[in-house]
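# Overview (structure and organization)
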Amino acid sequence: GFFKYFNFFADNARALAHLIGWNLPLPVLQVLLPIGLSFHVFQSLSYTIEVYRGNQAPERHLGIYALYVMFWPQLVAGPIERPQNLLHQFHAEHRFDFERLADGMRLMGWGFFKKVVIADHAAKLIDRIFVAPQDHGGLTLIVAASFFAFQIYCDFSGYSDIARGAARTMGIDLMLNFRRPYFSRSIQEFWTRWHISLSTWFRDYLYIPMGGNRVSKARWTLNLLAVFLVSGLWHGANWTYVVWGALHGASLVAGIWTQGLRVRLYAATGLGRHPVLLAGLQGLTVFTFVTFAWIFFRAPSLAHAAHMVTHLHTGLWAHLTTAEGFVAAIEPFEGSPSRFGFALLTIAILLTGETLEARGGVMARVATWPKPARWVAYQLGIAAILLFLVAESRTFIYFQF
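I will try to describe carefully the structure that is included in this document. (Residues numbered from 1 in each chain as written. Predicted model: local features only at pLDDT ≥ 70, side-chain atom pairs only at ≥ 80, totals over all residues. Heavy atoms only, no water.)

When you go through the protein chain residue by residue, the secondary structure sums to 18 helices and zero strands. Relative to the globule expectation of 21 Å for 401 residues, the C-alpha radius of gyration of the protein chain, 23 Å, shows essentially globular dimensions. Projected onto its principal axes, the C-alpha positions of the protein chain cover 65 × 65 × 55 Å. Per-residue burial over the protein chain gives 46% buried out of 401 residues. Across the protein chain, 32 positive and 22 negative side-chain charges occur, with their mean positions spaced 8 Å apart. (Helix = DSSP H or I, 4+ residues; strand = E, 2+ residues; numbered from the N terminus. Rg over C-alpha atoms; globule rule 2.2 N^0.38 Å. Buried < 20%, exposed > 50% of the residue type's maximum accessible area, 1.4 Å probe, protein only. Lys, Arg positive; Asp, Glu negative; His and termini not counted. Charge placed at Lys NZ, Arg CZ, Asp CG, Glu CD.)

What follows concerns the environment of I347. By the secondary structure assignment, I347 is in helix α16 (residues 337-357). I347 gets classed as buried once you look at its relative accessible area, which sits at 10%. Note: C-alpha distance between I347 and F9 (338 residues apart in sequence) is 39 Å. Not counting the four nearest positions on each side in its chain, I347 is found in contact with F147 and F150. (Contact = heavy atoms within 4.5 Å.)

Per the stated rule, a full pass over the model turns up 13 salt bridges. One salt bridge in this structure joins D127 and R298, with 3.2 Å as the shortest N-O distance. One end of the pair, D127, is in helix α5 (residues 98-131); the other, R298, is in helix α12 (residues 275-298), with 171 residues separating them in the sequence. In this structure, the salt-bridge partner of R168 is D173, at a minimum N-O distance of 4.0 Å. (Salt bridge = Lys/Arg side-chain N within 4 Å of Asp/Glu carboxyl O.)

Under the criterion given, the structure shown has 45 aromatic pairs. Arranged with centres 5.0 Å apart and planes meeting at 75 degrees, the rings of W201 and Y205 form a pair that is edge-to-face. Here Y205 and W201 lie together in helix α8 (residues 196-207), a separation of four residues that amounts to about one turn. Residue classification places W201 among the buried positions, given a relative accessible area of 6%. Residue classification places Y205 among the buried residues on the basis of a relative accessible area of 10%. Here the basic side chain of K4 rests over the ring of W234, its NZ or CZ set 5.5 Å away from the ring centre. (Phe/Tyr/Trp six-rings, centres within 6.5 Å; stacked < 30°, edge-to-face > 60°. Lys NZ or Arg CZ within 6 Å of the ring centre and 35° of its normal.)

This part is about helix α1 (residues 2-19). An ideal rise of 1.5 Å per residue puts 26 Å on 18 residues; α1 measures up with 25 Å between its terminal C-alpha atoms. Taken together, the buried positions of α1 are occupied by K4, Y5, F8, A10 and A17. Where α1 is buried, its residues touch α2 (37-53), α9 (217-235) and α10 (239-257). Within two residues after α1, G21 carries a phi angle of roughly 85 degrees, on the positive side. (Expected span 1.5 Å × (residues − 1).)

Counting residues in hydrophobic clusters, the biggest one holds 88 residues, and the most contacted among them are Y182, W194, W294, F333 and Y398. When residues in this core are grouped by element, the largest group, 17 residues, is from helix α6 (residues 138-169). Excluding residues within four positions of it along the chain, F333 makes contact with L125, I126, I129, T140, V143, A144, F147 and F340. (Core = buried A, V, L, I, M, F, W, Y, C linked by side-chain atoms within 4.5 Å.)

For the pair α6 and α12, interaxial distance at closest approach is 9 Å and the crossing angle is 85 degrees. It follows from the interaxial angle that α6 and α12 lie roughly perpendicular. In this structure, α6 uses A145, S146, F148, A149, F150 and I152 to contact α12, whose residues at the interface are F287, T291, W294, I295, F297 and R298. Across the contact of α6 with α12, the residue classes break down as nine nonpolar, two polar and one charged. (Axes fitted to C-alpha atoms, helices over the stretch in contact; angles between N-to-C directions. Parallel < 35°, antiparallel > 145°, perpendicular 65-115°, else oblique. Nonpolar A, V, L, I, M, F, W, Y, C, P; charged D, E, K, R; others polar.)

Let's shift gears to unusual backbone geometry. With an omega of 5 degrees, the peptide bond running from G78 to P79 counts as cis. Inspection of the secondary structure puts P79 in the loop between α3 (62-69) and α4 (83-91). Although it is not a glycine, R180 sits at a positive phi angle of roughly 50 degrees. Turning to its location among the elements, R180 is positioned in the loop between α6 and α7 (187-190). By relative accessible area, which is 16% here, R180 ends up buried. The residue H195 is not glycine, and still its phi comes out positive at about 40 degrees. Of note, H195 is situated in the loop between α7 and α8. The class of H195 is buried, set by a relative accessible area of 1%.

This is how it looks when you write it as structure tokens:
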């Protein structure tokens, strides 16, 4: 609370005092955040709660416990582990296993591809858009928000893949943190696929102890909103994160309250008889909403976010109906159609890979290829990572949380 939120609450307390004519001289502290603060605190809390509940035996070995809290692959950005999954693995003896090593390195390679080829290039295209949204038209803002949706996904899931792969090479299995979230058909499903370790943490240690869904519908609504507001604030001491969390909480509540209405609507329109079309419309709706909410997550301030969401329509017709308008809309993305096209190509590769993953996994398929083909694929992947590496250093987005 002190390290992450003192300045946030001090700023808001000063602003509130100013509104009523008070001068509240609270200081702004220039302190360094401890590394991985949000993640290792939640992991430590998980241990404490599980031991208290009797679900986990206390760890008597200080070194093992310290390793659980500060295990280096997942220290800075998760996944947030549970003691039941991790502690017994640290007590076990792990011998060298070539297949396990190869499997872990394949997973790391896919993570690096997502990070440096997709996420970093998307970031390079959109940074200037979010800093000065007033300089751009509606289609530019929409494309920037869409690129950020893929940037944050590839950035964060790429880190999780690298962490899981690095741990696997040493014989440690970390939990799956992402499971194709942009293929979700509802916001509820999205949160069973996105940052799974955090969403299940809030479910088990906040939502269920508050009563979960075993209460009245009004209290259930309150529980959901409270969890998502806390989740937003966990991401950072800024009102933009709180609004982002509130949007997701409100969407989840709206989905619950309108479930019967939507079922009747599907029956009345005949969509229920066309499951593929219905699934496509639901997936597009979820992605559109999630992308809209990401605007608040990425924007440096509420003012920037408000400008973006209120100007998404500006000049949109001209941008979509004329070649000149379309070119003008993509010109701000580094002023190069080739960069724009490259970003679209890498996103297409991602979606193709994730579609294949749902049918068995790309890495698992590559592992079954003959050795020459397998090594050609590895070399091409490494070459792509090195060739398209963004020159300036870019840390992982979730390092700031």
